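An overview of the molecular structure
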Amino acid sequence: MIVALDTQLAIGTATGIGEYVGGLASALRERGVRVVELQEPRLDPWRFDRRVLWDQAVLPRRARASGADLLHCASGTMPLRAPLPTVVTVHDVAWLKVQRHTHSYARYYFGRFALERYRRAAAIVVDSEFSRRELSGVLQVAPERLHVVYPGVSADYAALARKPSGDAAILVPGTVERRKNLEVLIRALPLLPHRARIICVGPATPYRDECERLAARHGVSGRVEFRGYVEREALLDLYATCAVVAVPSIYEGFGYAAAQALCAGTPLVVSGAASLPEVVAGMASIASAEDERIWAREIGAILDSPAKANEHASAQRERGIERFAWRASASTMCGVYETALRTAR
């Protein structure tokens, strides 16, 4: 089997989807699948016009020339006319649910336009049961065409040696955007010991300005640090040294930061929204997405008893590593590919 894999979002400041396509490509090769990675570094995937150009013109042309049996559109978008049988990964339907503050043309392209393309896919992959339910609610498609395949977590998280620095750092990984709900942590910060501080790592959007103003109103500006996108080595070091990872999102199709924290053995608190309770599966603390008092209580308990928190996280680590092993993900994905090819015939 030869699979053409869309890896355009692994270029530059790769976030969750970039992590996904890179890990999937490696895991498929380990299973003997010939993977042709399709990307064009000269097209910035984070510029809307360049993304559309890639999706609708360059990608189908590259796929046609790849010699592959199947195209896997792994970033949630598909060409209007795909030249090969196509599997699409739909990570979430956030553009239809929680991105109303964004430009209307982006909402249409990543929302309704993308949804219509999914009807033509030979198979649709989702990252969680939550995302399966969400997609089924907005797209009439036969249930057997939807396949839940949990993404894997890179082995460097599983191999991480925890070395907590003791400085009460609350790590918040991911793009600083509204659905990530950083504001609830900022409101919780005055309720936590003064030594507690938030470190945000990930690309910024205009939402960051709102968070900075909120921090100023609560008198905690000096305790909220925005580092922007950081390189992988620096990110791994933060997972190793922070006191706790916090994922307060109101909408996640999967929640890579939570899965990575579980595999790294880092204490973790997530919101009770969307896919996050499913992802942590009882292995981490859960707080209401909107209640800063509960966040302060859960994070405060970790900061007050760091040895106990780290012991619990370490005890759950092997379970997390097994749950999010790329070998299992790639094995299931190969089954999806075979089903898609049979369907296309």
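Definitions and limits used
Residues numbered from 1 in each chain as written. Predicted model: local features only at pLDDT ≥ 70, side-chain atom pairs only at ≥ 80, totals over all residues. Heavy atoms only, no water. Helix = DSSP H or I, 4+ residues; strand = E, 2+ residues; numbered from the N terminus. Expected span 1.5 Å × (residues − 1). Buried < 20%, exposed > 50% of the residue type's maximum accessible area, 1.4 Å probe, protein only. Contact = heavy atoms within 4.5 Å. Polar contact = N/O pair within 3.5 Å; in protein donor to acceptor, adjacent residues only side chain to side chain. Salt bridge = Lys/Arg side-chain N within 4 Å of Asp/Glu carboxyl O. Pairing = 2+ DSSP bridges. Axes fitted to C-alpha atoms, helices over the stretch in contact; angles between N-to-C directions. Core = buried A, V, L, I, M, F, W, Y, C linked by side-chain atoms within 4.5 Å. Parallel < 35°, antiparallel > 145°, perpendicular 65-115°, else oblique. Left-handed = near helix turned anticlockwise from the far one by under 90°. Nonpolar A, V, L, I, M, F, W, Y, C, P; charged D, E, K, R; others polar.

On to helix α12 (residues 292–304), then. Look at α12: 18 Å from first C-alpha to last across 13 residues, which is about the 18 Å you get at 1.5 Å a residue. Of the positions making up α12, those classed as buried are Trp295, Ala296, Glu298, Ile299, Gly300, Ile302 and Leu303. Residues of α12 that are buried make contact with β7 (169–173), α7 (182–188), β10 (244–247), β11 (268–271), β12 (285–287) and α13 (306–323). Put simply, Asp291 is the residue that caps the front of α12, since its side-chain oxygen is 3.0 Å from the backbone nitrogen of Arg293.

In this section: the pattern of salt bridges. Counting across every chain of the model gives 25 salt bridges. Here Arg179 and Glu177 are joined by a salt bridge, their closest N and O atoms 3.5 Å apart. Taking relative accessible area as the criterion, Arg179 reaches 12% and is therefore assigned buried. One salt bridge connects Arg197 with Glu225, and the closest N-O pair in it is separated by 3.4 Å. Of the two residues, Arg197 sits in strand β8 (residues 197–201) while Glu225 sits in strand β9 (residues 224–226), which places them 28 residues apart along the sequence. Residue Glu225 is classed as partly exposed on the basis of its relative accessible area of 30%. One salt-bridge network, held together by shared partners, links Asp167, Arg197, Glu225 and Arg227.

Moving on to the sheet that holds β7. Sheet architecture is open: 6 strands sit in the order β9-β8-β7-β10-β11-β12, paired in parallel fashion. Bordering the open sheet on either side are β9 and β12, each of which pairs with just one other strand. For this sheet the average axis-to-axis angle between neighbouring strands, irrespective of direction, equals 25°. By the bridge criterion, 5 bridges tie β7 to β8 in an arrangement that is parallel.

So, on to the environment of Asp304. By secondary structure assignment, the location of Asp304 is in helix α12. Using a relative accessible area of 59% as the deciding quantity, one classes Asp304 as exposed. Sequence separation between Asp304 and Ala168 is 136 residues, and the spatial gap between their C-alpha atoms is 9.6 Å.

Residues Tyr20, Tyr239 and Leu268 are the most contacted members of the largest nonpolar core, which totals 58 residues. The next biggest cluster of nonpolar side chains, apart from the first, holds 32 residues, and it includes Ala168, Val172, Val176 and Val224.

Structurally, Ser271 is set in strand β11. On the basis of relative accessibility, which here comes to 0%, the residue Ser271 falls in the buried class. At a separation of 2.5 Å, a polar atom in the side chain of Ser271 contacts the main-chain carbonyl oxygen of Ser249. Apart from residues no more than four positions distant in its own chain, Ser271 is found in contact with Val247, Pro248, Ser249, Leu276, Pro277, Ile286, Ala287, Ala289 and Trp295.

Before going further, it helps to spend a moment on the sheet that holds strand β6 (residues 146–148). Across the sheet, 6 strands lie side by side as β2-β1-β3-β4-β5-β6; this open sheet has parallel pairing. Of all strands in the sheet, those bounded by a partner on one side alone are β2 (34–38) and β6. Across the sheet, the axes of successive neighbouring strands diverge by a mean angle of 25°, strand direction being ignored. Taken together, the 3 bridges between strand β3 (residues 70–73) and strand β4 (residues 86–90) define a ladder with parallel strand orientation. Looking at β4, one finds that Leu71 is bridged to Thr86. Strands in contact with helix α2 (residues 48–65) are β1 (2–6), β2 and β3; relative to β2, the strand with the most contacts, it is inclined by about 145°.

So, on to the packing of α2 against helix α4 (residues 104–118). Direction vectors running N to C along α2 and α4 enclose 30°, while the axes themselves pass 11 Å from each other. On the basis of the axis angle, α2 is roughly parallel to α4. At the point where α2 passes α4, the crossing takes the left-handed sense. For the pair α2 and α4, the contacting residues are Phe48, Arg51, Val52, Asp55 and Gln56 in the first and Tyr105, Ala106, Tyr109, Phe110 and Phe113 in the second. Of the residues in the contact of α2 with α4, the class split is 7 nonpolar, 1 polar and 2 charged.

Working note: non-glycine residues mostly have negative phi, and peptide bonds are mostly trans. Even without a glycine there, the phi angle at Ala168 is positive, about 60°. Along the chain, Ala168 falls in the loop between α6 (155–158) and β7. Positive phi, close to 60°, is recorded for Asn181, a residue that is not glycine. Note on placement: Asn181 falls in the loop between β7 and α7.

Burial of β4 is extensive: 5 of the 5 residues sit out of reach of the surface. By the alternation rule, side chains of β4 split into Thr86, Val88 and Val90 and Val87 and Thr89, which are all buried. Sheet analysis places β4 next to strand β5 (residues 123–126), joined by 4 bridges and oriented parallel. Looking at the pairing, Val90 lines up with Val126 of β5.

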